[in-house]
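Architecture at a glance
Here's the letter readout for the chains.
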Amino acid sequence: MEPDESASPSVWRFARASRAHVVVDAADYYALMQKAMIAARQQIHLIGWDFDTRMHLGPGRRLWNLPRRAVAPARLGPFMIWLCERNRNLDVRVLKWNFGALKFIFRGTMIIDLLRWLLHRQIVFKFDGAHPLGCSHHQKIVVIDDTFAVCGGIDMTSDRWDTPEHREQDPRRRRPYSNKLYGPWHDLTMLVEGAAAGALGDLGRMRWAIAGGDPIKPCQPQRETAWPVHLKAEFEDVEIGIARTRAAWRGAPEQREIERLFVEHIARSKKLIYAESQYFASRAVAEAIAERMAQPDPPEIVLINPVSAEGWLEQAAMDGARVQLCHAIGAYDPGNRFRIFVPHNAAGTPIYVHSKVMIVDDEVLRIGSANMNNRSMGLDSECDMFIDAARAGNAHAAKPIERLRFKLLAEHTGMTVKAVQAALAENPSMIALIEGAPRTGKRLEQFALRELTETERTVADQALLDPERPEQLFEPFSKRRGLFSRSGLLSRAREWRRK
């Protein structure tokens, strides 16, 4: 049993970051991480849902270039070997969810990359299966030397790279060793330096041990960090909070800090919530929104979602639940202040939203791996970080949080940041801004609630593929499970709709 280091059931640990920065979209993130890993001195710990060694981090040597040792390879697989060859003291640990391990044999040269990793004395690659059946390891964390770390929604894998322009048929948005292009993809993550990075290092070592790995020693103290030299941080000397999700596993207790934190942040909102999430299917989050909407003078809530979940299984589990929850919340939202919007690029193609971010009153910023679905609240291993400008010593974080909201709204509406700022100064409504934005370029379209089939309603209502607890995977059609299984505003709204 690990000690509870926080007095709050919604926060695992608070730690200060000497610098912090939000990176929007994977093109910039991969290039920054290439620079950061080159600066590593002692250890690189990669923790992820998926890795694809064939992906390109940034500029560098390709297969057809001469083998110049001074030039870093562009691909992740040989890049890690190159790092270890130039620094014989570097220790590299890679932890990946064990599901889909066999698909590596269908990823061409990836099997060769993994064999090279496994045979290298400085690289330890491990699959993480330390969770109940049906759960997953979903964190996306990188820790370098315990002084620099990343936590967010971006995996180092294929089909993730994109720029904020999300151009149609961008030839750079190409699958490894294939001429096939994939669609526009939106994501983000947060970089931290200092004690907050050390806290993520502790979290990584605990996860490694739970997954069955040999204990990892903390890095020796050092003054240098892997922070990219030319990157100006948005936040300096700021306190970071860390929250987790984990299902109980072989003596390791259940953790539902992220779910509690969502409820707390929504309840405290006064003016606005801006959020982006891959899914909207969490009963707890929807209940918190309904309760806030039912109170006098509710905040304006804008949620950015993809038009549909990726993959038929996710669509069956999440899309119907989103429709049902929206109908239930609508019973308490006469002012229609809760809206879901779908981003489109200039050609009108929907942009897939993989990011997980929430901004509350330009006072709270949270970024991590957790989606607004039941799995992220109680089944999968997740990690979120947040900055709360209301906490002591954090007041200076409010303006950068506000600027980030302007930046994200500008990306999605095709407007400039200055234009967004000016429009919101005149009318603070994000909904009015979105509806009044030009429709000729990138834009946000309101999510349309469609009619569900009887099967879709059953799957959604029972949360058959997105339960709140692992044991519910084996209790189909139980009265104790489902979106409307508990007494509360959502269940009452459902009964009203039936009448």
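Scope of this entry: the structure provided in the associated data block. (Residues numbered from 1 in each chain as written. Predicted model: local features only at pLDDT ≥ 70, side-chain atom pairs only at ≥ 80, totals over all residues. Heavy atoms only, no water.)

Brief notes about the pairing of strand β13 (residues 338-344)
For a regular strand, side-chain orientation follows a simple rule: the groups alternate between the two sheet faces. Burial of β13 is extensive: 7 of the 7 residues sit out of reach of the surface. Pairing geometry for strand β12 (residues 300-304) and β13, over 4 bridges, is parallel. Within β13, the position partnered with Leu-303 by the bridge is Ile-340. Two strands pair when backbone bridges link them, and β13 and strand β18 (residues 443-446) are joined in this way by 4 bridges, in the antiparallel orientation. Within the sheet, the bridge partner assigned to Pro-343 lies in β18 and is Leu-444. (Buried < 20%, exposed > 50% of the residue type's maximum accessible area, 1.4 Å probe, protein only. Helix = DSSP H or I, 4+ residues; strand = E, 2+ residues; numbered from the N terminus. Pairing = 2+ DSSP bridges.)

Overview of the nonpolar core
Counting 58 residues, the largest nonpolar core has Met-190, Val-192, Leu-200, Phe-235, Ile-240 and Leu-365 as its most contacted members. Once you skip the residues sitting within four places of it in the chain, Ile-240 turns out to touch Arg-13, Phe-14, Ala-15, Ala-17, Ala-20, Met-190, Val-192, Ala-196, Met-385, Phe-386 and Ile-387. Within the second largest apolar cluster, 47 residues are counted, among which are Ala-243, Ala-290, Tyr-352 and Phe-447. (Core = buried A, V, L, I, M, F, W, Y, C linked by side-chain atoms within 4.5 Å. Contact = heavy atoms within 4.5 Å.)

Some words on the state of the cysteines
Per the stated rule, a full pass over the model turns up 0 disulfides. Between Cys-151, a free cysteine, and Cys-383, which holds the nearest cysteine sulfur, the sulfur-to-sulfur gap is 3.8 Å. (Disulfide = S-S within 2.5 Å.)

Concerning the packing of helix α1 (residues 26-38) against helix α2 (residues 76-86)
Interaxial distance between α1 and α2 falls to 10 Å at its minimum, and their mutual angle equals 25°. Between α1 and α2, the angle falls in the class roughly parallel. Considering only the axes of α1 and α2, their crossing is right-handed. Residues Gln-34, Met-37 and Ile-38 of α1 touch α2, and the partners they reach there are Phe-79, Met-80, Trp-82, Leu-83 and Arg-86. (Axes fitted to C-alpha atoms, helices over the stretch in contact; angles between N-to-C directions. Parallel < 35°, antiparallel > 145°, perpendicular 65-115°, else oblique. Left-handed = near helix turned anticlockwise from the far one by under 90°.)

Comments concerning helix α6 (residues 283-293)
Counted residue by residue, α6 has 10 buried out of 11 residues, so it is predominantly covered. For α6, the full list of buried residues reads Arg-283, Ala-284, Val-285, Ala-286, Glu-287, Ala-288, Ile-289, Ala-290, Arg-292 and Met-293. The N-capping residue of α6, defined by a side-chain oxygen 3.3 Å from the backbone nitrogen of Ala-284, is Ser-282. (Polar contact = N/O pair within 3.5 Å; in protein donor to acceptor, adjacent residues only side chain to side chain.)

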